[in-house]
Structure formats: C-alpha cells, structure tokens
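The lines below spell out each chain.
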Amino acid sequence: MNRKAWYIASAFCLLLLLVQAGRKESRGYSAHAAPDPYVLQLPPGFPPPVYNFSQNPLTKQGVALGRFMFYDYRLSRDSTVSCGFCHQQFAAFGHFDHALSHGVGGQQGIRSVPVIFNMIWQKEFMWDGGVNNLEMQPLTPLTDHAEMAVDLRELLKKTQRDARYRKMFKEAFGSEEVTSERMFKAITQFVATMISAGSKYDSVMRKIPGVYFSAEESAGYTIFQQKCASCHKEPLFTDLSYRGNGLPYFAPLNDAGRMRITSDSTDYLKFKVPTLRNILKSAPYMHDGRFFDIFQVFAFYDHGVEPLPGTDPQVKKGIPLSATEQRQLYHFLNTLTDYSLIKNEELSEVIIE
C-alpha cells in the first residue's frame, strides 16, 4: 500500500471511530462508559412480563443504583425511613413488624405494606390500584406524609450534592445529572429483579428430580385448587383483580377500598387480591393487617365473612375449612416460600456509610 492510500485508509478508520463515539455520546455515554446489560432470568411457565423494558432497559449499573437508593434512609425527610425499612427482605419484601405502614415522625398509614416481588407482571399497584405505572410507584411512598414525606425538589438537590450519587448516576445514565425520571427508573430496575419463582412448589411443577409434595402438601394443594385457586391463580397466585372478601369494615381507618380511585360505589371495600407466594413469611394479612397468623385467615373465611352487596359471590357464604383441611392447606402454602428470594444477597441491604 502506498503512502497516500495508507493515509486515506487511516482517515477512513478514524472517521468510523468518531462516528461510533458520536453515537455513544448521543445516548449520553462516553465512548468507554456505556453501562453493562443486566440479563433478567425469567421463570419458565410464567406469562410474559407486563412491564415495558424497552423504555428502561436493565443495566448492572442501573440496578446497583436502584438498590443503593432502595436502602438509603437519607431519601426520607428526616433520614429515618428507606424503601427497605417497610419492604423487608426477610418478610418477602413486605413489612413484618407492624400491622399498618408507618413512616417519619411515627406517622401511621391506613393499610398494610404489600409485598413488591413479581411486580413486572402487574399493570396496577397498591391495594386499590391507585398507581398504574411501575416507574411512578416510588413517588407515592417518597412523598406521602405518613411514609417518607420528602419534598421531591429538595430530594433532587440533596442527591445532586452527593458525590457518590453523582458517580452512580453517571455510570448508570451517562451523566451526573440527578432527575426524578432517572431516580424512578433506577429503583424500578432494582425492583424488577425481585422475582419469586424458586419455591418448592415451583420445583415440583417443573418436575425437578427428587422433589415431591408430601402427603399433607399434596392434600393441601387439592384443597387450594378447590377453594382458593379461582382468585389466587397460578403461577402468580393472584388474578390481580379487585374483590370484596367480606372482611368487616373497620371504621377508624375509614378505608373505602378501590372506590377511592374509581368513585364507583360497586367498588366499595374492594381490594386487590394479594399473591399467596411467600404468604407464610409476609404476615400481617389483609389490607389493614388485622391478622398476624394464617390460621386466623382460615378461620375468617370459614365463619367470619360478613357479606355486603359488593362481597365476591365466591366467598359470600364463607369457605368451609375443617381443622384437617386448614392444617393441610398450611403445609401447601409453606411450599410457596421462596428462600432464593428471601436470602438472595444481591437483593440484600446496602450499608450506607
């Protein structure tokens, strides 16, 4: 190759490199700092996720930022409450300590804390479906006066001043700028990795060699299919509908259920059907956390239902459960405990120094 041709070839290669670098810069990243993709392992037998990942692709740096924020108490008004304060991993990301949510200054909410695993299969969130976008879900606890009670503008300023946050935002999104959109996207990325599909039940369904239901568990599964599965549909163990279950109204909380969102009187005292996955680890039960023992729930459905016009027809007359059936159902529900979620170190608390 003569010198002229060599210069032309070299210039062409340099031009290609500049174009490629420009493409990366146009996405907000330097030529050497694009985040690493995070490959989410979706469980076999589950439906496709509802969440649209194309608008918020998972990256290792985005997930790491979301995890850091999830456990950061400084995100609350007085630095005493984090997302993980209420969504405790050992309780399957529910809240074991209190019947109702509670936050800064000892404030108390009117509902129990729902678990937040398998969220990417849901279209609506909270007990009444009041939020219909997973990325916007963090806004409610962050700004609610009874939870984290933070002023979002002040939070953005405080976070922008933090050198660690600036570094993590740059790694995840290409620049140090802290915005609410980026903040919510990062938290969503972390929550998206909270997948529960590794219980004994799942192993039995996948016919893993050597894993079988015991006689009690098998009998409990039959009872579940006969008396529970119409609302708690497999594999998510919820149909995500809103139903009235005949739970007696608790006047001090003044909670009308989904009617607060729809203003439709037929939605009075209707709440989202909760998942039964990890149910034995995620007490208290019901939207107001009134039951701390699963056998109290069994007793309620057996003889405690108070039928109202909006009570679901399938529970209006109660769900008879003998002592034997309750014991067998308990053993089956225990197979829904997913220790691969509860003890997953990648989901565990980050120590904020």
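What you see is a predicted model, and the numbers here were worked out from it, not measured in a lab.

**Concerning the overall build of the protein chain**
Okay, so step 1: A count of helical and extended segments in the protein chain gives 13 helices and 2 strands.
Okay, so step 2: By principal-axis analysis of the C-alpha atoms, the protein chain measures approximately 90 × 50 × 40 Å.
Okay, so step 3: The buried share among the 353 residues of the protein chain stands at 48%.
Okay, so step 4: The long-range fraction of contacts in the protein chain, counting pairs at least 24 apart against all pairs at least 6 apart in sequence, stands at 66%.

**Considerations on the packing of aromatic side chains**
Okay, so step 1: What the rule picks out here adds up to 27 aromatic pairs.
Okay, so step 2: Ring plane angle 25° and centroid distance 5.5 Å describe the contact between F295 and Y330, whose orientation is recorded as stacked. Here the residue F295 occupies a position in helix α11 (residues 294-304), and Y330 occupies one in helix α12 (residues 323-334), the gap between them amounting to 35 residues.
Okay, so step 3: Overall, F295 belongs to the partly exposed group, its relative accessible area being 34%.
Okay, so step 4: Looking at Y330, the relative accessible area reads 29%, which means it is partly exposed.
Okay, so step 5: The ring of Y242 is capped by R258, whose NZ or CZ atom sits 4.1 Å from the centre of that ring.

**Examining unusual backbone geometry**
In terms of backbone geometry, most residues other than glycine have negative phi values and most peptide bonds are trans.
Okay, so step 1: Cis geometry is found at the peptide bond from E234 to P235, where omega equals 0°.
Okay, so step 2: If you trace the backbone, P235 turns up in the loop between α9 (215-227) and β1 (242-243).
Okay, so step 3: Of note, the bond from A283 into P284 is cis; its omega dihedral lies within 30 degrees of zero at 5°.
Okay, so step 4: Turning to its location among the elements, P284 is positioned in the loop between β2 (271-272) and α11.
Okay, so step 5: Phi at M126 is positive, roughly 80°, even though this residue is not glycine.
Okay, so step 6: Within the secondary structure, M126 sits in the loop between α3 (83-86) and α4 (139-143).
Okay, so step 7: By relative accessible area, which is 28% here, M126 ends up partly exposed.

**Details of the state of the cysteines**
Okay, so step 1: A full pass over the atoms with the stated rule returns 0 disulfides.
Okay, so step 2: Free of any disulfide, C228 has its nearest cysteine sulfur in C231, 8.9 Å distant.
Okay, so step 3: C228 gets classed as buried once you look at its relative accessible area, which sits at 16%.

**Considerations on the nonpolar core**
Okay, so step 1: L65, M183 and M194 are the most contacted members of the largest nonpolar core, which has 50 residues in total.
Okay, so step 2: At 7 residues, helix α7 (residues 180-192) tops the list of elements feeding residues into this core.
Okay, so step 3: The contacts of M183, once residues within four sequence positions are left out, are M69, L155, L156, T159, F169 and V178.

**Here's the deal with the pattern of salt bridges**
Okay, so step 1: A full pass over the atoms with the stated rule returns 18 salt bridges.
Okay, so step 2: Here E171 makes a salt bridge to K167, at a shortest N to O gap of 2.6 Å. Separated by 4 residues within a single helix, E171 and K167 lie in helix α6 (residues 163-173), roughly one turn from each other.
Okay, so step 3: In this structure, the salt-bridge partner of R260 is D255, at a minimum N-O distance of 4.0 Å.
Okay, so step 4: Connected through shared salt-bridge partners, R111, D128, D255 and R260 make up one network.

**Quick look at the side chain of S101**
Okay, so step 1: As for its placement among the helices and strands, S101 is situated in the loop between α3 and α4.
Okay, so step 2: Once you skip the residues sitting within four places of it in the chain, S101 turns out to touch Q107, Q108, G109, R111, S112 and V113.

Reading guide: rules and limits
- Residues numbered from 1 in each chain as written.
- Predicted model: local features only at pLDDT ≥ 70, side-chain atom pairs only at ≥ 80, totals over all residues.
- Heavy atoms only, no water.
- Helix = DSSP H or I, 4+ residues; strand = E, 2+ residues; numbered from the N terminus.
- Buried < 20%, exposed > 50% of the residue type's maximum accessible area, 1.4 Å probe, protein only.
- Contact = heavy atoms within 4.5 Å.
- Phe/Tyr/Trp six-rings, centres within 6.5 Å; stacked < 30°, edge-to-face > 60°.
- Lys NZ or Arg CZ within 6 Å of the ring centre and 35° of its normal.
- Disulfide = S-S within 2.5 Å.
- Core = buried A, V, L, I, M, F, W, Y, C linked by side-chain atoms within 4.5 Å.
- Salt bridge = Lys/Arg side-chain N within 4 Å of Asp/Glu carboxyl O.

By themselves these figures say nothing about function.
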